[in-house]
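Geometric and topological summary
This is what each chain is made of:
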2 protein chains.
Amino acid sequence: MTDYVQRAGDILAKINDLAAISEDATGITRTFGTDAFLAGRQRVQDWMEQAGLPTRVDAIGNVRGRFVSSNEGAKTFVIASHIDTVVNAGKFDGPMGVMMGLDLVTRLIQSGRTLPFHIELIAFSDEEGVRFHTTYLGSKVVAGSFDNALLAKKDALGITLAEVLQTIGTDPTQLLSDALAPDEWLGYFEIHIEQGPVLYERHVPVAVVTAIAGQKRVEIAFAGMAGHAGTVPMDMRQDALCAAAEFVLAVEQFALVHKNNLVATVGKLTVVNAASNVIPGEVSCSLDVRSNDTDLLETAYLALHELATSIGANRLINVNWNLIQETAPVLCDTALTDLLAKSIRESGYEVIPLVSGAGHDGVPISPVSPIAMLFVRCFKGISHNPLENVELADIAATLRVADTFLDSLPEQYY
Amino acid sequence: MTDYVQRAGDILAKINDLAAISEDATGITRTFGTDAFLAGRQRVQDWMEQAGLPTRVDAIGNVRGRFVSSNEGAKTFVIASHIDTVVNAGKFDGPMGVMMGLDLVTRLIQSGRTLPFHIELIAFSDEEGVRFHTTYLGSKVVAGSFDNALLAKKDALGITLAEVLQTIGTDPTQLLSDALAPDEWLGYFEIHIEQGPVLYERHVPVAVVTAIAGQKRVEIAFAGMAGHAGTVPMDMRQDALCAAAEFVLAVEQFALVHKNNLVATVGKLTVVNAASNVIPGEVSCSLDVRSNDTDLLETAYLALHELATSIGANRLINVNWNLIQETAPVLCDTALTDLLAKSIRESGYEVIPLVSGAGHDGVPISPVSPIAMLFVRCFKGISHNPLENVELADIAATLRVADTFLDSLPEQYY
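Residues numbered from 1 in each chain as written. Chains lettered and ligands numbered in written order. Predicted model: local features only at pLDDT ≥ 70, side-chain atom pairs only at ≥ 80, totals over all residues. Heavy atoms only, no water.

All right, on to the overall build of chain A then. On a plain count of helices and strands, chain A comes out with 11 helices and 16 strands. The C-alpha extent of chain A, read off along each of the three principal axes, is 80 × 50 × 40 Å. Every one of the 414 residues in chain A was classed for burial, and the buried ones make up 59%. A separation threshold of at least 6 residues defines the contact pool for chain A, and within that pool the share at least 24 residues apart is 79%. For chain A, the exposed surface amounts to about 16,000 Å²; the carbon and sulfur share of it is 50%. Measuring between centres, the 29 positive side-chain charges of chain A sit 2 Å from its 50 negative side-chain charges. (Helix = DSSP H or I, 4+ residues; strand = E, 2+ residues; numbered from the N terminus. Buried < 20%, exposed > 50% of the residue type's maximum accessible area, 1.4 Å probe, protein only. Contact = heavy atoms within 4.5 Å. Areas by Shrake-Rupley, 256 points an atom, 1.4 Å probe, with all protein chains shown as cover. Lys, Arg positive; Asp, Glu negative; His and termini not counted. Charge placed at Lys NZ, Arg CZ, Asp CG, Glu CD.)

Next comes the structure, spelled out in structure tokens:
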């Protein structure tokens, strides 16, 4: 019998080891292409090699280890997550998926079995997109959707992505040929922390992801009339903050009605030239709407726009609505997701289908491969924060589920 | 017949002349004790002297001209306003009252009459309180309520009020003796722009002020739980901005119900560590409530505190409520106010009794003297802004009302 707790302990040791490699002395920060990033990547590559996986670093800096099938013409099943971090990050977001993937593949290697497909274990070099304000650099290369225009992007110091690739010793001309061709993909599997509170609140260690939510981001400006807080009677006001407040509550109300398939958030709100004795004349705010349901996302977007317009009209407030970003929902593969659900059930846990509200590398992978994900419970849903935590027992529970899943894959596919 | 339009033109010329004396080249800024302030004060003193008023500068820098009665033991009727400004001010707020006062007194001097009381025309040196963050420095000295502790107050550069008084050549030891004793006061009269939109909306040039509103200023902090905008379901959130938005609308609703006697404003609202993809965990905002009615002000304060508390309780949001300033309502003198209303009516205008939502020098004067004020219509209610404007015709209309008022004062008092 495999000792899941011992394997989880080994994974946790590696996670801690990697977390100690940081751009700053007091926190965890490993953004793309920095010295800390290079040192961390080397550590991960060493671990893969020690486990008996032949590895290489591709043109975008991903570490890629292959467990090769003896089958002629075999397809490739990718297990992956990322090893870059946000600034002042937690240690689980990304690295946990890579370390668990390494453990899973190690077990397969050690079992002496031969598989009817290749497995490629990938540590993506950039998922968070902190340095160049563009996410998924690593997975876009593997998916074959990397746009060479990105090479001209500059970081905060004016250094281009092309220059960074030169510094870290990779060859930008290889970016396109480092993709797995669409007919090579068998599937994509990632383990990630939930980054939300559902599993924590429901006391379940692991869940299957059914979709990655689509998102629309809007910037809205409410323009009324500033005035003296003491001298303008209540019924002569055009208070932009009151209009914005009405909108904030309308957004919440709409999202609560559709709470099973949608979240909506006003995260930023700024009163322009604010003073305690001045009636707000101008307020700007953000709107972030996410859903796994393409139609609902569109319906919500139109309904909230309509609500903003009508709030403005009622209050004689001018409303400027500006869509600044949108991504479509991505569905996980039904067959793989069913298999993960079955593996969770067989491991003795309640099956909770979750929609990921955060983006993941599966998004750029999805056009070329079926994708599947497991979410692991994290402490109070806290992420992108040094307080981010995952219990050893939950890593162990997830290993058991993933072992079951991987062992049933050959039947699934052949 | 007096030519009101010609007199108004002369007043407007002086207002424009004074406005050109500023700390900055592009706007109007004359804060207490600056070179521009001194130059402006000298100009005003020269005008008073040219009109035949003997003047002096008192210890706080007020210019005080006296039209002396031949009556032994006569009391003093004060006509005043201020000549300091906010930063990037309009040209009417303050100076208009001084220039009109000078015109009114000039007419009385030129008429050759002797009055049964002294008139003191005062150009207060500091009403706005911009430099030392404390209002009414000038009128507090005349009212006898100047607190010598204020002398240690420092401006943004660390210069104390005592040092400024030395620089401008006045004698701080005279501050207390520069007060008019309580038994010397006959009354206090000020003409000021409305700084609100009521007269503009109602097409009336001038109105009598019945009270200066009392005010309570509160700072409120809403503390919930920050979280990822994509991963925390709607019914698991503790969104501090939603709580604050509910409060903003509750404040508006409450004030609308009591709109004839109260205004309430949330002018500042800040989302702490705001990001479009983060559920707001902490929001702070201001509350400014004003009323002419002491009981209603207190009732409103308690009701809004109760509303904030209950909104917080319903949403599991911690609410921190902090009263940071309060002033009591000040009532204008009934007899003087009735006389002003009569003068308005006799001049052919509708009588609109207004409550001043902004503070004025009458506030510190009120404990020692009956006070009365006229408000003059201003363009769209705009004030503290270069767009501040008063029509020549409205100054003329107000002169007529004020002449009538002053001519009936001797009967009123003796």
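Attention now moves to the interface of chain A and chain B. On the chain B side, the residues contacting the 49 residues of chain A number 49 residues. With both sides pooled, the region where chain A packs onto chain B buries about 4,100 Å², and carbon together with sulfur makes up 67% of that total. Of all residues in chain A, the largest losses of buried area upon contact with chain B belong to Thr231, Met234 and Ser276 of chain A, amounting jointly to 15% of the total for that side. The tally of links between chain A and chain B comes to four salt bridges. Measuring nitrogen to oxygen at the nearest pair gives 3.1 Å for the salt bridge that ties aspartate 235 of chain A to lysine 259 of chain B. Tallying contributions element by element places helix H7 (residues 240–257) of chain A first for the side of chain A that touches chain B, with nine residues. The residue inventory of the side of chain A that touches chain B, partitioned by class, reads 26 nonpolar, 11 polar and 12 charged. (Buried area = accessible area lost by both parts, 1.4 Å probe. Salt bridge = Lys/Arg side-chain N within 4 Å of Asp/Glu carboxyl O. Nonpolar A, V, L, I, M, F, W, Y, C, P; charged D, E, K, R; others polar.)

Here the focus is empty space enclosed by the protein. Going through the model one piece at a time under the given rule, you end up with two cavities of 30 Å³ or more. Size it by volume and the largest cavity reaches roughly 80 Å³. Within the residue set of the lining of the largest cavity, elements represented by two or more residues are H7 and strand E9 (262–265) of chain A together with helix H7 (240–257) of chain B. In terms of residue count, H7 of chain A provides more of the lining of the largest cavity than any other element does, three residues in total. Here the second largest cavity is characterised by a volume of approximately 50 Å³. (1 Å grid on protein atoms, 1.4 Å probe; cavity = no way out; pocket = protein on both sides within 12 Å on 5 of 7 lines; lining within 4 Å. Points joined across faces, edges and corners; volume = space filled by probe spheres on them.)

Between chain A and chain B, the superposition needs a rotation of 180 degrees and an axial shift of 0.2 Å, giving an RMSD of 0.2 Å. Taken together, the rotation and translation describe the operation of a two-fold axis. Nearest to the rotation axis, the C-alpha of alanine 245 of chain A is located 2.2 Å from it, this being the minimum over chain A. A symmetric contact is evident, with 100% of the interface residues of chain A recurring at the interface of chain B. (Least-squares fit on C-alpha atoms with pLDDT ≥ 70 in both.)

Before going further, it helps to spend a moment on the packing of helix H1 (residues 4–19) of chain B against helix H11 (residues 392–413) of chain B. Residues and elements named next belong to chain B. Where H1 meets H11, the closest approach of the two axes is 8 Å, and the angle between their N-to-C directions is 115 degrees. Regarding the angle of H1 to H11, the classification is roughly perpendicular. The hand of the H1/H11 crossing is right-handed. Across the interface between the two elements, Tyr4, Val5, Arg7, Ala8, Gly9, Ile11 and Leu12 of H1 pack against Leu392, Ile395, Ala396, Leu399, Arg400 and Asp403 of H11. (Axes fitted to C-alpha atoms, helices over the stretch in contact; angles between N-to-C directions. Parallel < 35°, antiparallel > 145°, perpendicular 65-115°, else oblique. Left-handed = near helix turned anticlockwise from the far one by under 90°.)

Here chain A shows a mean pLDDT of 95. Residues at 70 or above account for 99%. At the level of chain-chain contacts, confidence expressed as ipTM amounts to 0.87, with global pTM at 0.86. (pLDDT = per-residue confidence, 0-100.)

With that out of the way, let us pick up the packing of aromatic side chains. Residues and elements named next belong to chain A. In the structure shown here, the tally under the stated rule is 16 aromatic pairs over all chains. Both rings, one in phenylalanine 77 and one in phenylalanine 117, keep their centres 6.1 Å apart while their planes meet at 50 degrees; by these two values the pair is tilted. One end of the pair, phenylalanine 77, is in strand E3 (residues 76–82); the other, phenylalanine 117, is in the loop between helix H3 (95–110) and strand E4 (118–124), with 40 residues separating them in the sequence. Chaining the aromatic ring pairs together yields one cluster made of Phe77, Phe117, Phe189 and Phe405. (Phe/Tyr/Trp six-rings, centres within 6.5 Å; stacked < 30°, edge-to-face > 60°.)

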